[in-house]
Each structure stands twice: as C-alpha cells, then as structure tokens.
Amino acid sequence: MTRPSLRVLASLGLWVVALLNASPAQSLSEQIAEAARQSADRLDPSRIASPDSSAAEFQAAIDQLRAHLAKTATGANAQAWIDYLEIEPALQALQSEASDVEMAGKAIRISQKATGIHPGLEVPAVRRLRSTAQRFSDALRFRRKERTTALLAQLLSRTADQWTEISGNPSPDQIATLRLLLELLERTDQSVALVDRTQNLFSSTNLHLTIDESLIQRAANRRVDQSSAVRECILGTRIVGNAFLTGDVTTSLLPSVGSIRLQIALNGTVTTANRGYNGPVRLRTSGYGQVYASRLLQIRESGIQFEPVVVSGSINNRITSIEHPLRLVRRIAQKKAAQQKPLADRIAHRKFISRMTEEFTKETDSAIPQPTRNLAAEMEAYLQRLDLAEPTRTIGSTEHSIYLFATIRKNNQLAAPTPPPAITETNDATVQIHESLIDNTVGALLAGRTMTRSELQQLASKTKRGAEIQAAAEDEEEEPEFEIDFHDSRPIIFEARDGKLRIGIQGTRFAQGSRELKRLLEIVAVYEPTTTESGEVVLQRVGETEINFPGTKRLSVGQAGLRGSIKKGFAKAFPETLMDRPWIIPADVQVPALQGLNFRPRSFDARDGWLTLGVSS
C-alpha cells in the first residue's frame, strides 16, 4: 500500500481545520438582525418623494377621476362618488395651505375610502387616486428627509438588537413590528438589504387547500343504466332495435403540476335485442359485449381541456331466428349469414366502438360543466377594490388529491417562514391558513382606519355568520354608535399556536358619545377545539372575552366605564362557540351530487402560526 503524499495530507488537514472553524448556519432571527444593521447605513434621503411633485400627481388623479365620472355617470351619481371619497375637503385644504398633518390626514382618508368592497373601486381612475393620495400623504409625513432617515436608522439598529436576542421563533408582536418597519421602508422608497432578506426568509406559501379524491369521486362517480336506439345497416341488412348499457363511471386523479388531471372511465356491459331486414327476410339477433371507455381531461385556470376518448371492447352477436314463409329461403339466408358472419362481426365491432366513442364523448362533455361566469375576472376586480395583490399560486393533483398552494402578499408584506405541517387526518377537504394571510388581507384593510359600529356590521354582513349576527343585532334594542381607530401595525390578532386559536383586534382610540378613550386597547378571545359525540369539532371560547390596555397602569373613572361599553359592543364578534354550524353547498351548484351537501369540521390543528382545518360531509 502506498503512503499518501504530504500534499494530500496537508490539503486534508486544511479542510478539517476549515470545517472545525466554520460557523453554523445563521438562524432566521440572526439573518434579520444582520440585514437590519446593514440597512441602517444605506438609507438614502433623496429617494423620499417630494411633496410638491406628489401634490401635482394627486391633483392630476382627481382631475382624471372627474373626467372619468363625467363620461360614465350621471351628474348626481358623479357627485355622490366625489362626496363618498371626501375629495372636496382635501381640495379645500390644498387651497387653504393647511398644515402637513391636516393635509396628510385628508389624503390618507381618501386612500382608505377608495379601498373597500364597493363595486366601482376597481376602476383604474379610482385606483390611481388611491395610490397618489397615499404617496402624497407619505411625502408630507416624511417632508424632513434627513430627520426621517435618521429616525429610520435608529429604528433599524434597535430592531437588529431586538432580533439578536430572539432565541426561538419570533412572536406575532415581533413579526408585526418588523412588518411595520418594512412598510416604512417602502413608503420612503428605501431599497435596502432588510427588504430583500425578509422577502426571502418569509416566502413560503400561506394558503393550502387540499381536496381528497373521495370527494371528487363522490361528485363524479355514478352507476350507468341506460338504453339507446340501434339504427344501422350491415352488408345490406338494416338493423333496428335497442342497446342496453350497464356499468360504472369512475374518476381517477393523475399526478400533475400546474393543472389538475383526471381520467374518467366507463366499465360496462352491453346487451342488444335487434331485428334485421334484408328484402323479404327478417332476422332476430341478440348481442352481448364488454366495453371500456376512458378520457383524460386537464383543468387549468383558463378552462377545461379534453383529450380524445379511447374505447376498447368486444361485442358478440348471434342470430336467434330467421323469419320467412319458405323453408328454402330460410336455409339459403342461414347459409349466407354464416358465410358473411366474420365480415359482419368486424363491421359490427367497428360500428360498436364508433358508437360508444361518440356517446362517451357527449356524456363527458355534458357531465363536466364549463364555468358560466368569469370567476377570474370577478376575483381580480375584488382584489383591486381591496388593494390586494393577485396571489401567486399553483394548482395540481396527485394520485390521491387535488391541491391549491397560494401566496397572498404585496411587496412590503411577509408570507409564511415555513411550510405548513403535514396533514395527518384524511377529510373531504383540508384548508391550511397561515397567520400572515390574515395580516396581509383583513389586517391591511383595517390598519389605521377609523370605523364605526355600523361600518363594521356592514363589513361583517358580507359573510353568512356576519349576516346572522347583524340580523340578531337588529332584533335587539339598538346600541349606541361607537367609533374605533384601528392600530397601524396590528389591527387584527390572529394567532394559531399551541393547539389554540387566539383572535381579536387592537385599537388606539375608542369613542362613544361624549366619552373617549385614547389608549392602546386589545380585545381578545381564545378558542380551543372540543369534539362532540358525533365526531364534529367546534371551537369553545376559553373564559371571557379579554379587554386589555397594554402599558396602562390605571384608567380614570370615565375611561374605566367605557370598558363595559367596549365589551358589549364586541360581544357578538366573539361568541362562546365557533364552527358550530354546518357549511352547506348551495343548491344551485352545477354538480348535482354536491347540491345541498353539509360539511362539518372534523379535525383542527393550530401550531407555529398555521391553522389546519379538515371538513367532511
């Protein structure tokens, strides 16, 4: 055996030393801290928008909206839009050279009014007004550019120190603070390392929907028992009768990424009872055959694409009787039929395959309904009204399920830091939602808004449960109107951790009548799952709804009196039980097997920011 050379030993030694000295991979919090420190030194005041240019863009957007309304709306309707968006007070403030604080408030109010659920808010002129009003407000707020970047640098350094001390997973409050910092960086147009680093670290999808093959089969599989008329001509003999098909139509999923692939198959038997006419001779025939037909289809967002039908099978026909008054004619006809049978069987088989191909094509074409509404366009309009980004998404199928993976976030928002936990229980459908999805949608919509009790009820009425709550509220004695200012960074509390769901809201001001509470307030309820005797899962509230005032040691008598009003005003938003009603498929859904089907939660899991909910009928 030869000895290793000194050069090889030296190389090996250097490699071992490098391995021993190599630092372990940085944790998520360490990477955030490092990026924050790097960003603090790279802020650029010149990138912050100028108030003058932003004001000009804002004014131009108002003029463009007026021009749009003049072409598309009546005078009264156009004025109603101007009043709803509160444009006139902003213009008056501009002309009177109001303070930056007052003008920024009116601009941001326009941006908020232009974001909502009302049809028409998706119009390009309204969306441009929304974005220019936001930019104008930011330009006024950050007019002192050098001071703004200095404060941002301090905030970045403080964030770096805080994230350095995080040993495990960051808390929802820490993530909310990071999210607010990213929003400030975007609103000041700062292109720094922290933005790109967080986008990469928090880039996992935040919505997973899985539908089990069993539900697909329940909707598509069926028993076939049908008859069809036979009208054919084989070798000069006219055949008239009926064919009877019995069997099963089954559906199987096939692996695919970017589309859903299904195979629809028919496995059945065919029996025939026919009469043949050839001149004066009449024949009675019967047949028995096997048929297997299949067709592949792909479902994409753009529509459904069918592949050609493939049919295989066999048919065995036999003559049961030959009818003619003369025996000699019957014998001649029998002899001729025996001579022609091989050719006749081949022709009959070809016609049989052709007929089954045609019938199965029509059957599958009509069984798979094409969308009658442009759902993609409707969803795009809804997202544009709410100023939400179109989700990046992937649909696909495996041998056992179909799935949708989506990431819902805008440029300055975070997605999930990790993929969802594995699904351990089989249900008809399983939805997995990360906390970031709620933050990026409902949270983004409510952040910094001032809303009244009536406006909240109107928003809640868009859901079925919300409509029931509103109807119940209308049946009761009308409660006094209140007003709440939602928190800028974390207006909605949605935490799925340690097997429990913690939901609530955060505000900075609550007012009712002449009483006002200008303090950070938190209204929270905690729910945990319980399983009924029938195996259904409901969420039971743990204790009472909590009303907290973080950072407050003592309230005045008047402020303490508002606590009861706050609790009463939000009592219906946090009932004792959730998920206690079935989810019913509408009766007008295009799949008959699913019409009116009731689904109830059967499994529940909450961990590491992921809510996993399985439902079955």
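For the structure given in this document, a descriptive report is provided here. (Residues numbered from 1 in each chain as written. Predicted model: local features only at pLDDT ≥ 70, side-chain atom pairs only at ≥ 80, totals over all residues. Heavy atoms only, no water.)

Our next topic: the side chain of T452. Looking at where T452 falls in the secondary structure, it is placed in strand β12 (residues 450-452). Judged by its relative accessible area of 18%, T452 falls in the buried class. Setting aside its immediate chain neighbours within four residues, T452 contacts E481, F482 and E483. (Helix = DSSP H or I, 4+ residues; strand = E, 2+ residues; numbered from the N terminus. Buried < 20%, exposed > 50% of the residue type's maximum accessible area, 1.4 Å probe, protein only. Contact = heavy atoms within 4.5 Å.)

On to the pattern of salt bridges, then. Considering all chains together, one arrives at 36 salt bridges under this definition. Measuring nitrogen to oxygen at the nearest pair gives 3.3 Å for the salt bridge that ties R179 to D439. Of this pair, R179 sits in helix α9 (residues 172-187) while D439 sits in helix α14 (residues 435-446), placing them 260 residues apart in sequence. Ionic pairing is found between E301 and R393, a salt bridge with its closest N-O pair at 2.8 Å. Of the two residues, E301 sits in the loop between β6 (281-300) and β7 (303-306) while R393 sits in strand β9 (residues 392-397), which places them 92 residues apart along the sequence. Sharing partners across several salt bridges, the network here consists of D173, R490, E495, R502 and E522. (Salt bridge = Lys/Arg side-chain N within 4 Å of Asp/Glu carboxyl O.)

Here we take up helix α3 (residues 51-72). With 22 residues, α3 extends 31 Å from end C-alpha to end C-alpha; this agrees with the ideal 32 Å at 1.5 Å per step. Listing the buried residues of α3 in full gives P51, S54, A55, F58, A61, I62, L65 and L69. Looking down the long axis of α3, one finds its buried residues gathered within 120° of arc, a one-sided arrangement. In α3, those exposed residues whose orientation departs by more than 90 degrees from the buried face are D52, A70 and K71. Buried-residue contacts for α3 involve α4 (75-84), α5 (87-95), α6 (100-113) and α7 (124-141). (Expected span 1.5 Å × (residues − 1). Arc of directions from axis to C-beta.)

Residue D189 is not a glycine yet carries a positive backbone phi of 60°. The topology assignment puts D189 in the loop between α9 and α10 (193-201). The backbone of D608 shows a phi angle near 50°, a positive value even though the residue is not glycine. Checked against the element boundaries, D608 lands in the loop between β22 (598-607) and β23 (610-616).

What follows covers the packing of helix α2 (residues 28-40) against helix α8 (residues 145-164). Between α2 and α8, whose axes approach to 8 Å, the crossing angle comes to 160°. Between α2 and α8, the angle falls in the class roughly antiparallel. Along this stretch, α2 crosses α8, giving a crossing that reads as left-handed. Together, L28, S29, I32, A33, A36, R37, S39 and A40 of α2 and A153, L156, S157, A160, D161, W163 and T164 of α8 make up the contact between the two elements. Among the residues forming the contact of α2 with α8, the class breakdown is nine nonpolar, four polar and two charged. (Axes fitted to C-alpha atoms, helices over the stretch in contact; angles between N-to-C directions. Parallel < 35°, antiparallel > 145°, perpendicular 65-115°, else oblique. Left-handed = near helix turned anticlockwise from the far one by under 90°. Nonpolar A, V, L, I, M, F, W, Y, C, P; charged D, E, K, R; others polar.)

Moving on, we come to the packing of aromatic side chains. Counting across every chain of the model gives four aromatic pairs. The interplanar angle of 20° and the centroid separation of 4.6 Å between the aromatic rings of Y403 and F405 together place this pair among those described as stacked. Under the relative-accessibility criterion, F405 is labelled partly exposed at 28%. (Phe/Tyr/Trp six-rings, centres within 6.5 Å; stacked < 30°, edge-to-face > 60°.)

Tracing the backbone shows G247 in strand β3 (residues 237-254). Residue classification places G247 among the buried positions, given a relative accessible area of 3%. Distance from G247 to R223, taken between C-alpha atoms, is 6.1 Å for residues 24 residues apart in sequence. With residues near it in sequence (within four places) discarded, G247 still touches R222, R223, V224, N267 and G268.

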